[in-house]
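Here is what each chain is made of, one letter per residue.
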Amino acid sequence: MLSVVRVHLPSEIPIVGCEITPYVLLRRPDGAVSTDDVPETAPADGQFMRYRWYRIQSDRKVPICSVHPMEQATIQCLGCLKSKIPVAKSYHCSAKCFSDAWQHHKVLHERASSALNENGAEEEELFGRFGSGGSGVLSTAGSGSLSSFGQSPGVSNGPVPLYPSGADKNSGETWFEVGRSRTYTPTADDIGHALKFECVAVDSEKRSPVGPPTSIMTSRVIPAPTPTPRRLIQVNGDVLGHLDLDSQTSSLGTFTVLSYNILADAYATSDTYSYCPTWALSWTYRRQNLLREIIGYHADIICLQEVQLNHFEDFFAPELDKHGYQALYKKRTTEVYSGIPMAIDGCATFFHRDKFSHVKKYEVEFNKAAQSLTDAIIPAAQKRVALSRLIKDNIALIAVLEAKFGNHGAENPGKRQLLCVANTHINVHQDLKDVKLWEVHTLLKGLEKIAVSADIPMLVCGDFNSTPGSSPHGLLAVGKVDQLHPDLAIDPLGILRPPSKLNHQLPLVSAYSSFARMVGVGYDLEHQRRRMDPATNEPLFTNCTRDFTGTVDYIFYTADSLTVESLLELLDEESLRKDTALPSPEWSSDHIALLAEFRCKPRIRR
């Protein structure tokens, strides 16, 4: 007889747009216990499993706090209602909660009004689709108090409950069947309601249940938190302005590049990020939040780090394909890695088919370079020790692309416009400064060879695990390493000798240093300057956890062939600290995304 041994849910809170697949342990007719499904198309001994999902609606809907989803809302921001921001974002559980979020609300109101004026229907795209009428969240009776909007933080207390359509007001509770498969994805209609999952073995012939059903209840469904949209800040020349990412269309000869360490699921553990709610750490939630964020940037080229092989194949490649992107991938090597083969991470580069076509792909495996290095300079008796220090499974993915927008403005308009994009993750322990610098130097020497052969603009993107002022950052940004740099004191294998060899000829510049070079005054400029380190001309941080805040991610470009037009605004650390650190319900990685818009410079005939 087929029977259910145990059922439990992967997360304590269901979220709109994030599929739920309960863990169902079955005892099969032969006595074996398994989590494998037994569908109607492949019954076991004449029996199969039937699943049902129900939404349970009571006669009083409960509004949920937009900041603390486990708390019931008691206050509503009327400014959000006036600005037509999704109603779910307007709720707060206390006056303090609302007061802490007021600066965030002001930005939302300003941008919603701007989006409505400039984009019309695109406002919905900008702020998400879950907040309109009928979404399962409460509205407020009476609108007269809206007149106070703009004078002080407008709030409304005690929302009036609404009865869902089809509900019996006298019964107190109504069940709606919403799904007939093992997996269910909550919708906006489910917000504020509990869900019930029910499973039972069914006789194939009689079509009747075999024994009583097993069921489990979820907590109330919450809307997916959405971060405040980030804008592109124009930085070319002495002009300062901002562009709307949703309505952005790159002008001729320009393209945008995104670099983002998305935090692999294998590393997103509650032990490491105990301050992040477990539901917000779950991959089913994070993948949807990350995808929504990445798609929202409308980048022409996307460089992602820490992309697990299974997530690339099952999620990112097919999902981004729907949005017009072609994918390239290189997983890390496995000489050190001992985990699940499909869960190993790597670098993924996507490019929009309308803007670029693929010409060539290079894969850099630093393990192979380490083997060659030890064969050349390390005595045989010391090779094993040397390789144990050098081999870290790191890789780089290099793509040569051809622009479809042409070499506009160049002196040779018919000439192919090629672009070389390097995407890497230098994941080396901080104590191994020699290995980290050696890997960066190895990558740059490889890029030098490509540059010499093709005279091609270059982008070097990734997570280098190196802060401004470190020797790898200096090598990237200046082209050489100061021979008195303290990092060079750590070189037990002699792989950095002589220090004079630690150089390259690529005219690389950090894209975000353009913020530091902007002239003029203005609200946007001042805010970005506050988020930059004046000593290094780099952002104050790109990685923000409870234990570390600093810059380790960069987009470098060859300044002789490319110029920066605009940059994605940096985030404010204070706003991130309201959730302790990253990742958080709003932002699903411990890193922030970097994005730059570039223009190809005219090539000068020699």
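For the structure itself, consult the block above.
The following paragraphs examine the structure supplied in this document.

Thresholds, definitions, all that
Residues numbered from 1 in each chain as written. Predicted model: local features only at pLDDT ≥ 70, side-chain atom pairs only at ≥ 80, totals over all residues. Heavy atoms only, no water. Helix = DSSP H or I, 4+ residues; strand = E, 2+ residues; numbered from the N terminus. Buried < 20%, exposed > 50% of the residue type's maximum accessible area, 1.4 Å probe, protein only. Contact = heavy atoms within 4.5 Å. Phe/Tyr/Trp six-rings, centres within 6.5 Å; stacked < 30°, edge-to-face > 60°. Core = buried A, V, L, I, M, F, W, Y, C linked by side-chain atoms within 4.5 Å. Axes fitted to C-alpha atoms, helices over the stretch in contact; angles between N-to-C directions. Parallel < 35°, antiparallel > 145°, perpendicular 65-115°, else oblique. Left-handed = near helix turned anticlockwise from the far one by under 90°. Nonpolar A, V, L, I, M, F, W, Y, C, P; charged D, E, K, R; others polar. Pairing = 2+ DSSP bridges. Salt bridge = Lys/Arg side-chain N within 4 Å of Asp/Glu carboxyl O. Lys, Arg positive; Asp, Glu negative; His and termini not counted. Expected span 1.5 Å × (residues − 1). Arc of directions from axis to C-beta.

**Some points on the overall build of the chain**
- Looking only at helices and strands, the chain features 14 helices and 28 strands.
- For the chain, buried positions account for 54% of its 606 residues.
- Relative to all contacts within the chain whose residues are 6 or more apart in sequence, the contacts with residues 24 or more apart total 74%.

**Remarks on the packing of aromatic side chains**
- The tally for this structure, following the rule as stated, stands at 19 aromatic pairs.
- With centroids separated by 5.5 Å and ring planes inclined at 45 degrees, the aromatic side chains of Tyr 54 and Trp 175 adopt a geometry described as tilted. With a gap of 121 residues between them, Tyr 54 in strand β4 (residues 47–58) and Trp 175 in strand β8 (residues 173–179) connect regions that are remote in the sequence.
- Classification of Tyr 54 by relative accessible area gives buried; the value is 15%.
- You can call Trp 175 partly exposed: its relative accessible area is 39%.
- Grouping aromatic residues by their ring pairs yields a cluster made of Phe 255, Phe 356, Phe 405, Tyr 557 and Phe 598.

**Re the nonpolar core**
- Counting residues in hydrophobic clusters, the biggest one holds 71 residues, and the most contacted among them are Phe 255, Ile 301, Leu 459 and Phe 598.
- In terms of residue count, the dominant contributor to this core is helix α7 (residues 309–322) (six residues).
- In contact with Phe 598, other than residues within four places in its own chain, are Gly 253, Thr 254, Phe 255, Val 257, Leu 459, Ala 511, Ile 555, Tyr 557, Leu 562, Thr 563, Val 564 and Glu 565.

**A look at the packing of helix α8 (residues 366–377) against helix α9 (residues 383–390)**
- Following both chains from N to C, one finds α8 and α9 inclined at 150 degrees, their axes separated by 10 Å at the closest point. The angle between α8 and α9 falls in the class roughly antiparallel. At the point where α8 passes α9, the crossing takes the right-handed sense. Of the residues in α9, those touching α8 at Ala 370, Gln 371, Leu 373, Thr 374 and Asp 375 are Lys 383, Ala 386, Leu 387 and Leu 390.
- In the contact of α8 with α9, the residues fall into five nonpolar, two polar and two charged.

**Some details on the sheet that holds β4**
- One open sheet holds the four strands; their spatial order is β8-β4-β9-β10, and the pairing between them is antiparallel. A strand with exactly one partner marks an edge of an open sheet, and here the two such strands are β8 and β10 (214–217). Between one strand axis and the next, the sheet turns through 25 degrees on average, direction left out of account.
- Taken together, the four bridges between strand β9 (residues 194–203) and β10 define a ladder with antiparallel strand orientation. Within the sheet, the bridge partner assigned to Cys 199 lies in β10 and is Thr 214.

**Side note on the pattern of salt bridges**
- Enumeration over the complete set of coordinates arrives at 23 salt bridges.
- Overlapping salt bridges bring together Lys 330, Lys 361, Glu 363, Glu 365 and Lys 368 as one network.

**Remarks on the packing of helix α10 (residues 433–454) against helix α11 (residues 471–478)**
- It is at 8 Å that the axes of α10 and α11 come closest, and there the two elements cross at 20 degrees. On the basis of their axis angle, the class for α10 and α11 is roughly parallel. Crossing geometry of α10 relative to α11 is assigned as right-handed. Contacts between α10 and α11 involve Lys 436, Leu 437, Val 440, His 441 and Leu 444 from the first element and Ser 471, Pro 472, Leu 475 and Leu 476 from the second.
- Among the residues forming the contact of α10 with α11, the class breakdown is six nonpolar, two polar and one charged.

**Description of the side chain of Glu 293**
- Looking at the element boundaries, Glu 293 is found in helix α6 (residues 283–296).
- Although Glu 293 is buried, it forms no salt bridge, and the closest oppositely charged side chain is Arg 230 at an N-O distance of 4.5 Å.
- If we ignore the near neighbours within four places in the chain, the residues touching Glu 293 are Tyr 260, Trp 587 and Ala 593.

**A look at α10**
- An ideal rise of 1.5 Å per residue puts 32 Å on 22 residues; α10 measures up with 32 Å between its terminal C-alpha atoms.
- Remark: Asp 455 follows α10 within two positions and exhibits a positive phi of approximately 50 degrees.

**A look at unusual backbone geometry**
- Cis rather than trans, the peptide bond between Arg 497 and Pro 498 has omega equal to -10 degrees.
- Omega for the bond connecting Leu 582 with Pro 583 falls within 30 degrees of zero, at -5 degrees, which places this linkage in the cis form.
- Tracing the sequence through the fold places Pro 583 in the loop between α14 (573–576) and β28 (594–600).

**Some points on the sheet that holds strand β26 (residues 553–558)**
- If you walk across this open sheet you meet the six strands as β17-β18-β19-β20-β26-β21, and the pairing is mixed. Of all strands in the sheet, those with a lone pairing partner are β17 (356–365) and β21 (508–510), marking the two edges. The mean angle between the axes of side-by-side strands here comes to 20 degrees, regardless of whether they run parallel or antiparallel.
- Note that strand β20 (residues 458–463) and β26 share five bridges and pair antiparallel. Bridge pairing in β26 links Cys 461 to Ile 555.
- Relative to the sheet, α8 contacts β17, β18 (395–403) and β19 (418–425), its axis offset from that of β17 by approximately 45 degrees.
- The strands that α10 touches are β17, β18, β19, β20 and β21; relative to β20, the one it contacts most, it runs at about 160 degrees.

**Topic: the pairing of strand β2 (residues 23–27)**
- The sheet contact formed by strand β1 (residues 3–8) and β2 spans five bridges and is antiparallel. Each bridged residue has a counterpart across the sheet, and for Arg 6 the counterpart in β2 is Leu 25.
- When β2 meets strand β3 (residues 33–34), the two strands line up antiparallel, connected through two bridges. By the bridge assignment, Arg 27 is partnered in β3 with Val 33.
- Between β2 and β3, which follow one another and run antiparallel, lie five residues, and Gly 31 among them has a positive phi close to 95 degrees.

**What about α9?**
- Looking at α9, one finds that the buried residues are Ala 386, Leu 387, Arg 389 and Leu 390. Buried residues of α9, seen end-on, are gathered within an arc of 160 degrees and therefore sit on one face of the element. Projecting away from the buried face of α9 at angles above 90 degrees are the exposed residues Arg 384, Val 385 and Ser 388.
- As for α9, its buried residues are in contact with α8 and α10.

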